[in-house]
Structure formats: C-alpha cells, structure tokens
Amino acid sequence: MENKELTKVDLIFEKIDNTEVLKKAFNMTQAGIIQDMLDSGLKGRGGAGFPTGLKWKYTAAENSPDKYVVCNADEGEPGTFKDREILDRVSNKVHGGMVIAGKAIGAKKGIVYLRGEYRYLLPKLMPELEAFHKLIKEIGFDFEIEYKMGSGAYICGEESALFESIEGRRGEPRNKPPYPTVSGVYGKPTSINNVETLVTAMMIINHGPQKFISYGTKDSRGSKVFSVSGDTPTPGIFELELGMTVLQFVDEFGDGDTKAVQVGGASGFCVPRKKFAETIIGFEGVPTGGSMKLFNSSRSMYNVLHNYLDFFAEESCGQCTPCRVGCQQLLKGVEKVKKGEAKSTYLNELTKLADTMKIAAKCGLGQSVGNAFKSIVGNFREEIIY
Amino acid sequence: MYQVGNLVRELSDKHGRVRESLMPILQGIVQKHNYLTDEAMVEVARELDISAAEVYGTASFYTFLETNVKGKYVIRVCKTITCSMKGKSDIIQTLEDILKIRVGETTTDRQFSLVETNCIGWCHKAPAILINEMPYTELTPEKVSAIIKDYMQK
C-alpha cells in the first residue's frame, strides 16, 4: 500500500480570485467540468466518499427541466467542525462550488441545508450570498442559492432525510433506489454534495485535476480538512495530504500518551495504539469525513463507547426497527456488562446484534453504529467488562 | 402561553402556504417565543391547510423545535464525548447552582431553560454551550458564570 508523509496543504482556505475561477468555469462545457472531476478522482468529503464526478455525471444525464444542487451543511458527526469553519471563512468558495456543480448538471437552483446549531452564521452569510449572487449574474450564470435551516437532528445529514426536512417533514430517510441523482429534493434530480467537496471542486477547476492528483494516494486523491480534537495539545482544523498512517498523525497531534484514535466520529472506527503504524487514514484504510479524536491513557474507552451509543440511541430516527431497538439494546447491553448484571460473553451477542444492524438498518446511521461498537469492544474488551 | 395568530400569518405570508414552509414557520415561532404551544401548532396547521398531527409530528422530530415550555434563554450544554472529557459536568454543576434548576428544567421566571444536547461542532474548543443561537466555547465554571450573569442583566 502506498503511504505518504504527513504534509500540511493549503488549498481549501487559500486566497484565490473567485471571479476568475467562476469565469473559467463559465467558459467550460458541461462535459468538460465533469471530466475534470472524474480525472481528479475526487471522492465526497462528507464521509461516504462517493466519486463526485460520477454523481455529477449521473445527475447531468437525467432529462428534467428542474434539477437541484444541494449543499449538505448539516455537519453533525461528533468531532467534525470543518464545514462550519469553511463556511465561516470562505463561503464564496462553497457558493462557487455550487454554481459550478449547477453548470455541470444543468441546474439553476441551489439549496444550502445548514444545521440549526450554526444559525449564528447567518447574519454573516446572507450579505456574502447577496454579493455573490450579484457577481455570478455579471459573469452570466443563471443560478440562485437559498438557505434552509435544520433544527437539531443528526439524521438530517443523511441525504434523503435532508430532502425530507427541506420539504417540511420529519427527517426520516427514504428507501433507495431511486437515488438522489434521479429523484432527490422535491422529487427532482439532485446532486447533493458536502461543503468541503464543493470547495474542492472549485479548487480543481482553478488548478486543474493534475495538481489535485499530485496529492494523496491511488484510492484517496488529494488533501482534506481534518477536525482534530480530544487529548491533543493542538486541537483545530488542519488541511493534510491524504495517505498518512495513524502513527504519523499521532506523532504530529498526539500528547505523547495517545492510546486510541477515533477516526470518522461516532460512526467511524477506533484505532488502538498497536495498529497505528499499519493503518492508513483514507479509503484504503480507515475513511473519515475529517473527525479525528485522540484519547490518552487516562480515558476510559467504556465511557467513550457509552457516550457514542447514547448519542445514537437519541439520534436514531426510529423509523426502522434494527436501528431503533438495536441502538437502545447495545447501550443497555454494555451497561449491564459493566455492572456485572450480564456475563462478559454477552458482548458476543451484542456484536451479533451490531452485525445485524449493519445488514438490516435502512440507512447509514444504523449501518455504521457497529463500526464504533465493534472496534472499541474488539480492541478494548477488558475496559468494557471491568 | 402567548398569542401567536399574527405571527403565524406573517410567517406564512413570508414563506408561503406550502408544506415546505412548515420548518421555516415553526423555526420563526421558536425564534420569537422559544417553544411551540399546542395553539401555535394548530394555528400553523390551519394556515397551511394540513392536519395538526402533521405539524406536531414534524415538530416533535426536531430537538430545537421544542413543544414544552422553555425560557427566554435556552442553554444547551454539549454532552458529546470531547465536551464530556473536557469538563462538561463542571459546567452543568455551575449552571445548576446559579440558576437553581436541574437539567431539563426552566426557571420559575421563565428566563432560562437548561438542557443537554448532542455535538454542536466545537470539539476543538470544548466544553461548549449554545445560548439560543450563540455558541460559547472553551468554558470554565468562572467563564460560564460571568456569561449567565450578563444574560441575567439583559
């Protein structure tokens, strides 16, 4: 496997001439923009990692007069705060990415779905958006962006739940297919992209795909923004080249006593110290939407797991049984084992339940609860029992 | 209790009487009155010509669309892992002492409500809270007391 050194990169927040990039995009063809995305190998930065070029290609292929670009700014994964920072510092690039996506797929409308927790950003974002609308009109784009607010529901970061919420309903995920590229918000073909993905797309148009490919590995092209928190002397936002190992990451950000890193938030994977050197952060190893939480040896991994399960039990939308009941039973189960009310072998039963949820849950929330559960129980079993 | 008829009409005029306006309308009411009364939800249902059950069903799904009485300032303390590791309990303790209420309660003068919430996206500056829309970060018991005392003066 390829492995890169830990390298800091400055592309997401770098100062660029937005007008020039947008003019360049305006003069490109639909197919040209999509080809650049395909060539770059960009995968979605929200966590799931679907190739952006393909998403745009599929949406572009749909024959509909009404299409939408939706920016997923419902950043709720515990440990992720990069999208807030990106919107706060370079909202024009987010809006710019939406216009470029709109040109690529043939959409005239964009919607930013911003989580309710970030409502305080609106007084700054609205004037920026107004100036942006003026700018793109001068260039010649026919595109308009509006903001829709969330109201405190983690599940609304799931794309189809997000559409339901925009449409004024409970944020309950839909059955797939049809996929959003065919039937998304208001039943129209929709390209839904993460905040950072849209900024990266704008950067790829600016520099060309070759520069992007020069960063990262075969499976994980480019750089991405990491949200670093927990037991670290330097918490914050860092844009890093993809392809480093957890060990390299810990050497840079750890406090010298790191025993585990939770990569990808509550729905991600726990990497214990003994696996730091062999685990690559990226799609060939542990994928992440950017959440990196470090735990040192003073932390109880039972508390970490309990906190995550409590989170999922509350945030499960309750629509499908495997997730609704599964989250509650996993939570109750680890409590029982901890209190000695159930034997330690009960953890094996709970692991089977986590596996069932992965197969049977309707959406990514229920399917990924097992990631944290199995990686924490698997690596820190004694901490869960005693 | 509050009278909500005019506000619901204003919000319906602004956002339009269609289903996709339901969230912005409910959010608008909560911004002004901090929670949704049964009367408010019935009024919204009437304006949008949908059933009150649809309105309640939607509102009750979202944590920030409160359907129980809430104070003028809703204090949401993040309880997710990093904030929990970095002193969330001390912040709660301090708030409970100052406000003389427990988590989940509202002060008798209806000024403050104290609740816990899931990750609000400030893990690098934990512990963090929201007071209505405003985030406050890197809190200590001293810092949070000063902030609440400021709000008490308002």
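Residues numbered from 1 in each chain as written. Chains lettered and ligands numbered in written order. Predicted model: local features only at pLDDT ≥ 70, side-chain atom pairs only at ≥ 80, totals over all residues. Heavy atoms only, no water.

### Concerning the overall build of chain B
(1) Moving on: Of the regular secondary structure elements, chain B holds seven helices and four strands.
(2) Moving on: From first element to last, N terminus to C terminus, chain B shows the α and β order α-α-α-α-β-α-α-β-β-β-α.
(3) Moving on: For chain B, the spread of C-alpha atoms along the principal axes amounts to about 50 × 30 × 25 Å.
(4) Moving on: Across the 154 residues of chain B, 58% fall into the buried class.
(5) Moving on: Pairs at least 24 residues apart make up 62% of the contacts formed inside chain B by residues separated by at least 6 positions.
(6) Moving on: Distance from the positive charge centre (19 side chains) to the negative charge centre (20 side chains) of chain B: 4 Å. (Helix = DSSP H or I, 4+ residues; strand = E, 2+ residues; numbered from the N terminus. Buried < 20%, exposed > 50% of the residue type's maximum accessible area, 1.4 Å probe, protein only. Contact = heavy atoms within 4.5 Å. Lys, Arg positive; Asp, Glu negative; His and termini not counted. Charge placed at Lys NZ, Arg CZ, Asp CG, Glu CD.)

### Some points on the interface of chain B and chain A
(1) Moving on: Listed per partner, the contact involves 33 residues of chain B and 50 residues of chain A.
(2) Moving on: Where chain B abuts chain A, roughly 3,200 Å² becomes buried across the two surfaces, and 55% of that area is made up of carbon and sulfur atoms.
(3) Moving on: When the buried surface of chain B facing chain A is broken down by residue, Phe61(B), Ile81(B) and His124(B) rank first, second and third, together holding 21% of it.
(4) Moving on: Inspection of the chain B/chain A interface yields two salt bridges.
(5) Moving on: Residue Glu314(A) is joined to Lys79(B) by a salt bridge in which the shortest nitrogen-to-oxygen separation is 2.5 Å.
(6) Moving on: Summed over the shared surface of chain B and chain A, the result is 23 residue pairs in polar contact (both at pLDDT 80 or more). (Buried area = accessible area lost by both parts, 1.4 Å probe. Salt bridge = Lys/Arg side-chain N within 4 Å of Asp/Glu carboxyl O. Polar contact = N/O pair within 3.5 Å; in protein donor to acceptor, adjacent residues only side chain to side chain.)

### With respect to the sheet that holds strand 5 (residues 223-230) of chain A
All names here are of chain A.
(1) Moving on: Strand order in this open sheet of five strands is 6-5-9-7-8, and the pairing throughout is mixed. The sheet terminates laterally at strand 6 (236-241) and strand 8 (269-272), the two strands that pair on one side only. Recorded for the sheet is a direction-independent mean angle of 30° between the axes of neighbouring strands.
(2) Moving on: The strands touched by helix 4 (residues 82-105) are strand 5 and strand 6; relative to strand 5, the strand with the most contacts, the crossing angle is about 120°.
(3) Moving on: Contacting strand 5, strand 6, strand 7 (258-263), strand 8 and strand 9 (291-296), helix 9 (residues 246-253) crosses the sheet at an angle of about 70° to strand 9. (Pairing = 2+ DSSP bridges. Axes fitted to C-alpha atoms, helices over the stretch in contact; angles between N-to-C directions.)

### Description of the domain arrangement of chain B
(1) Moving on: As far as domains go, chain B holds domain 1 (5-59) and domain 2 (73-153).
(2) Moving on: In this structure, domain 1 of chain B and domain 2 of chain B have C-alpha centres spaced 28 Å apart. (Domains from an automatic or database assignment.)

### Regarding the domain arrangement of chain A
Residue and element names in this part refer to chain A.
(1) Moving on: Structurally, chain A comprises domain 1 (18-213) and domain 2 (301-385).
(2) Moving on: Just the C-alpha atoms count here: the centres of domain 1 and domain 2 sit 33 Å apart.
(3) Moving on: The interface of domain 1 with domain 2 comprises 11 residues on the first partner and eight residues on the second.
(4) Moving on: Summing both sides of the interface, domain 1 and domain 2 together bury roughly 850 Å²; the carbon and sulfur share of this comes to 68%.
(5) Moving on: Three residues, Tyr154, Ile155 and Pro173, lead the burial of domain 1 against domain 2; their summed loss comes to 54% of the area buried on that side.
(6) Moving on: If you look at where domain 1 meets domain 2, you find zero salt bridges.
(7) Moving on: Inspection of the domain 1/domain 2 interface yields four residue pairs in polar contact (both at pLDDT 80 or more).
(8) Moving on: Residues of the side of domain 1 that touches domain 2, tallied by class, amount to five nonpolar, three polar and three charged. (Nonpolar A, V, L, I, M, F, W, Y, C, P; charged D, E, K, R; others polar.)

### Details of the side chain of Arg119(A)
(1) Moving on: Residue position: Arg119(A) is located in the loop between strand 2 (109-114) and helix 5 (122-139).
(2) Moving on: Buried Arg119(A), no salt bridge; nearest opposite-charge side chain is Glu133(B), N-O distance 4.0 Å.
(3) Moving on: Looking at Arg119(A), its side chain comes within polar contact range of the side chain of Gln31(B), at 3.5 Å.
(4) Moving on: Excluding its chain neighbours within four sequence positions, the residues that come into contact with Arg119(A) are Met149(A), Gln27(B), Gln31(B) and Glu133(B).

### Here we look at the packing of helix 12 (residues 346-360) of chain A against helix 13 (residues 364-379) of chain A
To describe two helices that pack against each other, one gives the angle between their axes and the distance between the axes.
All names here are of chain A.
(1) Moving on: At their nearest, the axes of helix 12 and helix 13 sit 7 Å apart, and the two run at 150° to each other. One element, helix 12, and the other, helix 13, form an angle in the roughly antiparallel class. The two elements helix 12 and helix 13 meet at a crossing, and its hand is left-handed. Of the residues in helix 13, those in contact with Leu347, Leu350, Thr351, Ala354, Asp355, Met357 and Lys358 of helix 12 are Gly366, Gln367, Val369, Gly370, Asn371, Phe373, Lys374 and Val377. (Parallel < 35°, antiparallel > 145°, perpendicular 65-115°, else oblique. Left-handed = near helix turned anticlockwise from the far one by under 90°.)

### As for the pairing of strand 5 of chain A
Residues and elements named next belong to chain A.
(1) Moving on: Counting buried residues along strand 5, eight of its eight residues qualify, which places the element largely inside the surrounding structure.
(2) Moving on: Inspection of the sheet shows strand 5 paired to strand 6 by six bridges, in the antiparallel sense. Paired with phenylalanine 226 across the two strands is phenylalanine 238, which belongs to strand 6.
(3) Moving on: Hairpin connection between strand 5 and strand 6: a loop of five residues separates the two successive antiparallel strands.
(4) Moving on: Strand direction decides the pairing type here: strand 5 and strand 9, joined by four bridges, are parallel.

### With respect to the layout of surface pockets
(1) Moving on: Empty space within the largest pocket amounts to approximately 1,400 Å³.
(2) Moving on: Around the largest pocket, the lining comprises 48 residues; the ones closest to its centre are Gly46(A), Gly47(A), Ala48(A), Gly157(A) and Glu158(A).
(3) Moving on: Those elements that place two or more of their residues in the lining of the largest pocket are helix 3 (52-61), helix 4, strand 4 (190-194) and helix 13 of chain A.
(4) Moving on: Considering every element that reaches the lining of the largest pocket, the biggest residue donor is helix 13 of chain A, with five residues.
(5) Moving on: Shared between two domains, the lining of the largest pocket holds at least three residues of each, these being domain 1 (18-213) and domain 2 (301-385) of chain A.
(6) Moving on: In this structure, the second largest pocket encloses a volume near 730 Å³.
(7) Moving on: Of all the secondary structure elements, the ones that give two or more residues to the lining of the second largest pocket are strand 2, helix 5, strand 3 (144-149) and helix 6 (159-166) of chain A together with helix 1 (5-15) and helix 2 (22-33) of chain B.
(8) Moving on: For the lining of the second largest pocket, the element with the most residues is strand 3 of chain A, which contributes six residues.
(9) Moving on: Taken together, the residues of the lining of the second largest pocket break down into 15 nonpolar, seven polar and seven charged. (1 Å grid on protein atoms, 1.4 Å probe; cavity = no way out; pocket = protein on both sides within 12 Å on 5 of 7 lines; lining within 4 Å. Points joined across faces, edges and corners; volume = space filled by probe spheres on them.)

### Digging into the pattern of salt bridges
(1) Moving on: Summed over the entire model, instances satisfying the criterion amount to 34 salt bridges over all chains.
(2) Moving on: In this structure, Asp13(B) and Arg17(B) form a salt bridge, with 2.9 Å as the shortest nitrogen-oxygen distance.
(3) Moving on: Notably, a salt bridge pairs Arg17(B) with Glu47(B), separated by 2.8 Å at the nearest N-O pair. With Arg17(B) in the loop between helix 1 and helix 2 and Glu47(B) in helix 3 (residues 38-48), this pair connects stretches of sequence that are 30 residues apart.
(4) Moving on: Here the salt bridges share partners, and the residues they tie into one network are Lys82(A), Asp83(A), Glu196(A) and Lys224(A).

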